[in-house]
Amino acid sequence: MAFKIVGSQCTSCSACEPECPNTAISEKGGVFVIDPAKCTECIGHYDMPQCVAVCPVDETCIIDPAQPRYQGAA
Amino acid sequence: MHGLTEVTDGTSGAVDIGEIMQAIAEHKGCGTEGGSGKASCGSGAGQGDLPTEIWEKVKNHPCYSEEAHHHYARMHVAVAPACNIQCNYCNRKYDCANESRPGVVSEKLSPEQAAKKVLAVASTIPQMTVLGIAGPGDPLANPAKTFKTFELISKTAPDIKLCLSTNGLTLPDHVDTIAAYNVDHVTITINMVDPEIGAQIYPWVFYNHKRYTGIEGARLLTERQLLGLEMLTARGILTKINSVMIPGVNDKHLVEVNKAVKSRGAFLHNIMPLISAPEHGTVFGLTGQRGPSAQELKALQDSCEGEMNMMRHCRQCRADAVGLLGEDRSAEFTTDKIMAMEVNYDIDTRRAYQAAVEQERVAKVAAKQEELESLAGESSDIKLLIAVATKGSGLINEHFGHAKEFQVYELSTSGAKFVGHRRVDLYCQGGFGEEDSLETIIKAINDCHAVFVAKIGGCPKSDLTAAGIEPVDQYAHEFIEKSAIAWFKAYLDKVNSGEITHQVRGDAAIRQGALISAA
Ligand code: SF4
Ligand code: SF4
Ligand code: SF4
């Protein structure tokens with residue numbers, strides 16, 4: 001449970017939203033946010049976190065230090 | 001590399017690609033034969049040597065026919081914010097710079113809002129014939145929104161042509177859907193066919209759940225672009241290739257790009273100048289990568305023109321542009337205003353209006369033809385450029401001080417040919433800075449011998465004359481090409497009689513600053 005979007009950097013381009021395998025990303029008040037309860041860091045789905053890979057602004061989708069790292073289902 | 005036949009073979013219902021290539025090849029390039037003989041694409045006497053089925057598709061399309069762009073308008077709806085590649089000339093805080101000018105932000109719309117906007121604009125501007133989706137990101141990185149918009153519009157306004165512009169990465173996946181919605185014009189931005197050059201333009205692409213960087217990413221992009229182009233050609237969909245000219249990076253290489261796209265059936269090639277300034281915050285802006293000068297751009301366009309149709313009238317419009325090319329009425333159609341508008345979409349009124357436009361076009365072409373005959377006996381090597389202030393309809397109908405741009409024509413004994421346009425700041429804004437802005441206008445049209453206007457004040461008149469640019473207002477409200485030819489004939493007479501000597505003029509600046517601020 002661990003990625004977050006830095007709101008001040010997000011351009012609201014929406015590119016990340018459909019890429020998330022867990023539908024953890026949604027629009028809130030003009031910017032996009034990640035639901036930490038749903039984010040699995042893409043582990044088990046893809047080699048790299050999809051939101052990070054598609055986001056046009058570096059350092060916008062980052063590990064959320066306030067959340068524990070995802071432990072995986074297995 | 002995928003061959004054309006491979007693609008065609010695998011596709012049911014595809015038209016015969018040989019036939020299309022033949023039709024395009026016969027047509028060759030409306031700018032080509034006989035040196036600078038004919039005017040640039042789609043111009044001339046109208047259909048010219050274009051096969052009828054292609055002419056039908058382009059004749060009212062302001063981007064595909066230079067001649068049409070004086071009469072017909074287009075609009076873009078900004079329904080596609082996401083993108084799947086990163087370009088060094090783009091800063092994603094703003095709209096995509098593929099077509100749109102950097103530094104502008106469009107008002108994003110839902111497909112439903114977009115459909116309402118199209119109806120509102122079509123009812124207000126009956127000469128609006130084309131709806132394009134060009135961003136602000138990549139339309140095909142937002143397929144659901146893009147195709148939903150097309151679906152809504154094809155139901156409510158079936159007479160409007162649909163058009164889209166893409167970076168091509170996911171194009172092969174969507175070609176069938178594009179065909180199903182009767183989109184008959186697709187623009188692909190192709191800046192390279194060599195991955196090593198591509199790596200200098202594209203830091204990464206996102207494809208199939210992975211980010212590919214450098215040469216690997218650029219190779220993937222060029223393969224997908226060319227495959228998509230072949231698939232569109234196989235389906236009889238007209239394609240325009242946009243290329244951004246980046247001096248020192250891909251300027252020479254664009255000749256190769258031109259060959260590669262021509263051999264795959266592209267209809268039109270649009271080489272656009274890189275627009276780059278540090279304040280855009282793009283990689284190229286920050287590294288000081290410059291854009292081309294007006295003459296560098298024209299020389300490259302000229303050298304590709306023998307091969308295929310060149311578009312020279314692209315305005316690098318914003319993703320929510322509305323109106324004739326070169327004008328922008330988007331401020332009249334903000335979401336708030338549209339939602340409050342009573343829309344009455346009347347197809348008959350639109351048809352009647354467009355029929356009147358057609359008559360105007362015919363009259364214009366006839367007038368030009370007649371004037372051209374008077375040049376028949378002349379022989380001279382002189383070629384020169386003139387700038388024209390126009391509000392559209394092919395007329396010299398704009399006041400010098402009100403012009404937001406000047407159209408540039410090349411004159412020679414074979415006639416008048418549209419070769420480009422220069423955007424300028426409004427000179428006549430009143431208040432401060434007038435002298436400066438006159439100076440920048442002179443820089444923008446410094447390669448021109450004359451500037452044709454409907455009206456001009458005494459002060460700018462004498463400054464222009466001092467700079468060697470003749471202000472010409474005697475053809476106010478007359479047809480551009482006819483007047484230009486008449487003026488050119490008189491010019492040649494004066495040169496022949498020794499009254500004046502012909503001087504070659506210098507280069508001009510493609511105004512970059514003006515692109516950021518004004519609409
Ligand atoms: S890391 Fe993966 S799972 Fe988490 S929000 Fe990003 S795309 Fe979704
Ligand atoms: S991809 Fe990046 S910039 Fe775009 S909406 Fe998601 S977080 Fe924001
Ligand atoms: S950007 Fe160029 S091709 Fe696109 S609508 Fe404007 S003029 Fe036409």
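Now for a description of the structure that goes with this document. (Residues numbered from 1 in each chain as written. Chains lettered and ligands numbered in written order. Predicted model: local features only at pLDDT ≥ 70, side-chain atom pairs only at ≥ 80, totals over all residues. Heavy atoms only, no water.)

### Re the overall build of chain B
Next, step 1: Within chain B, the regular secondary structure consists of 17 helices and 16 strands.
Next, step 2: Taken across its 519 residues, chain B has 60% of its residues classed as buried.
Next, step 3: Taking all contacts inside chain B whose residues are at least 6 apart in sequence as the whole, residues at least 24 apart take part in 74%.
Next, step 4: With an accessible surface of roughly 19,300 Å², chain B has 51% of that area assigned to carbon and sulfur atoms. (Helix = DSSP H or I, 4+ residues; strand = E, 2+ residues; numbered from the N terminus. Buried < 20%, exposed > 50% of the residue type's maximum accessible area, 1.4 Å probe, protein only. Contact = heavy atoms within 4.5 Å. Areas by Shrake-Rupley, 256 points an atom, 1.4 Å probe, with all protein chains shown as cover.)

### Concerning the interface of chain A and chain B
Next, step 1: The partner chain B presents 14 residues to the 15 residues of chain A that form the contact.
Next, step 2: Carbon and sulfur atoms supply 54% of the area that chain A and chain B bury against each other, a total of about 1,200 Å² over both sides.
Next, step 3: Sorting the residues of chain A by area buried against chain B places Met-48, Ala-53 and Pro-56 of chain A first, and these three jointly supply 31% of that buried surface.
Next, step 4: Joining chain A to chain B, the criterion identifies 0 salt bridges. (Buried area = accessible area lost by both parts, 1.4 Å probe. Salt bridge = Lys/Arg side-chain N within 4 Å of Asp/Glu carboxyl O.)

### Description of the sheet that holds strand β7 (residues 210-213) of chain B
Strand pairing in a sheet relies on backbone hydrogen bonds. The paired strands run either parallel or antiparallel.
All names here are of chain B.
Next, step 1: Here 3 strands make up an open sheet; going across it, the order is β2-β6-β7 and the pairing antiparallel. Only two strands of the sheet have a single partner each, and these edge strands are β2 (85-86) and β7.
Next, step 2: Of the pairings in the sheet, the one linking strand β6 (residues 204-207) to β7 comprises 4 bridges and is antiparallel in character. Bridging across to β7, Trp-204 finds its partner in Thr-213.
Next, step 3: Sheet strands touched by helix α8 (residues 214-234): β2, β6 and β7. Its angle to β7, the strand with the most contacts, is close to 105°. (Pairing = 2+ DSSP bridges. Axes fitted to C-alpha atoms, helices over the stretch in contact; angles between N-to-C directions.)

### Things to note about the site of ligand 1
Next, step 1: Inspection of the region around ligand 1 gives 13 residues, with Cys-20, Asn-22, Cys-39, Cys-42 and Cys-51 of chain A positioned closest.
Next, step 2: In the shell around ligand 1, the residues fall into 9 nonpolar, 3 polar and 1 charged. (Near = heavy atom within 4 Å. Nonpolar A, V, L, I, M, F, W, Y, C, P; charged D, E, K, R; others polar.)

### Points about the sheet that holds strand β10 (residues 309-311) of chain B
All names here are of chain B.
Next, step 1: Strands sit in the order β10-β9-β8-β5-β4-β3-β1-β11 across an open sheet of 8 strands; the sheet is mixed. With one partner strand each, in any of the chains shown, β10 and β11 (322-324) form the two edges of the open sheet. Neighbour to neighbour, the strand axes of the sheet diverge by 25° on average, direction disregarded.
Next, step 2: Across 6 bridges, strand β8 (residues 238-245) lies against strand β9 (residues 268-273) in parallel orientation. Its bridge partner being in β9, Asn-242 is matched across the sheet by Asn-270.

### Remarks on the nonpolar core
All names here are of chain B.
Next, step 1: Judged by nonpolar contacts, the single largest core of 58 residues is most densely connected at Val-77, Met-128, Leu-131 and Ile-178.
Next, step 2: Looking at this core element by element, the count peaks at 7 residues for helix α4 (residues 111-124).
Next, step 3: If we ignore the near neighbours within four places in the chain, the residues touching Val-77 are Leu-109, Ala-114, Lys-117, Val-118, Leu-131, Gly-132, Ile-133, Gly-135, Thr-149 and Ala-319.
Next, step 4: Listed in part, the 36 residues of the second largest apolar core include Val-58, Ile-201, Ile-246 and Val-249. (Core = buried A, V, L, I, M, F, W, Y, C linked by side-chain atoms within 4.5 Å.)

### Here we look at the packing of helix α13 (residues 347-373) of chain B against helix α16 (residues 480-496) of chain B
All names here are of chain B.
Next, step 1: Interhelical geometry of α13 versus α16 gives an angle of 15° and a closest axis separation of 8 Å. In terms of orientation, α13 lies roughly parallel with respect to α16. Judged by the twist between their axes, the crossing of α13 over α16 is left-handed. Only Glu-481, Lys-482, Ile-485 and Ala-486 of α16 make contact with α13, whose side of the interface consists of Lys-364, Ala-367, Lys-368, Glu-371 and Leu-372.
Next, step 2: Tallied by class, residues from the contact of α13 with α16 come to 4 nonpolar, no polar and 5 charged. (Parallel < 35°, antiparallel > 145°, perpendicular 65-115°, else oblique. Left-handed = near helix turned anticlockwise from the far one by under 90°.)

### Quick word on the pairing of strand β14 (residues 415-423) of chain B
All names here are of chain B.
Next, step 1: With 8 of 9 residues buried, β14 lies mostly within the body of the structure.
Next, step 2: Two strands pair when backbone bridges link them, and strand β13 (residues 405-412) and β14 are joined in this way by 8 bridges, in the antiparallel orientation. Within β14, the position partnered with Phe-406 by the bridge is Arg-422.
Next, step 3: Here β13 hands over to β14 after 2 residues, the two strands then running antiparallel side by side.

### Examining the pattern of salt bridges
Residue and element names in this part refer to chain B.
Next, step 1: Taken as a whole and assessed by the stated rule, the structure comprises 16 salt bridges over all chains.
Next, step 2: Across the salt bridge formed by Arg-264 and Glu-230, the nearest N and O atoms sit 2.9 Å from each other. Here Arg-264 is found in the loop between α9 (254-263) and β9, whereas its partner Glu-230 is found in helix α8, with 34 residues between them in sequence. Just as Arg-264 is buried, Glu-230 falls in that class too.
Next, step 3: Here Asp-447 makes a salt bridge to Arg-422, at a shortest N to O gap of 2.9 Å. One end of the pair, Asp-447, is in the loop between α14 (434-444) and β15 (448-452); the other, Arg-422, is in strand β14, with 25 residues separating them in the sequence. Grouping residues by exposure puts Asp-447 and Arg-422 together as buried.

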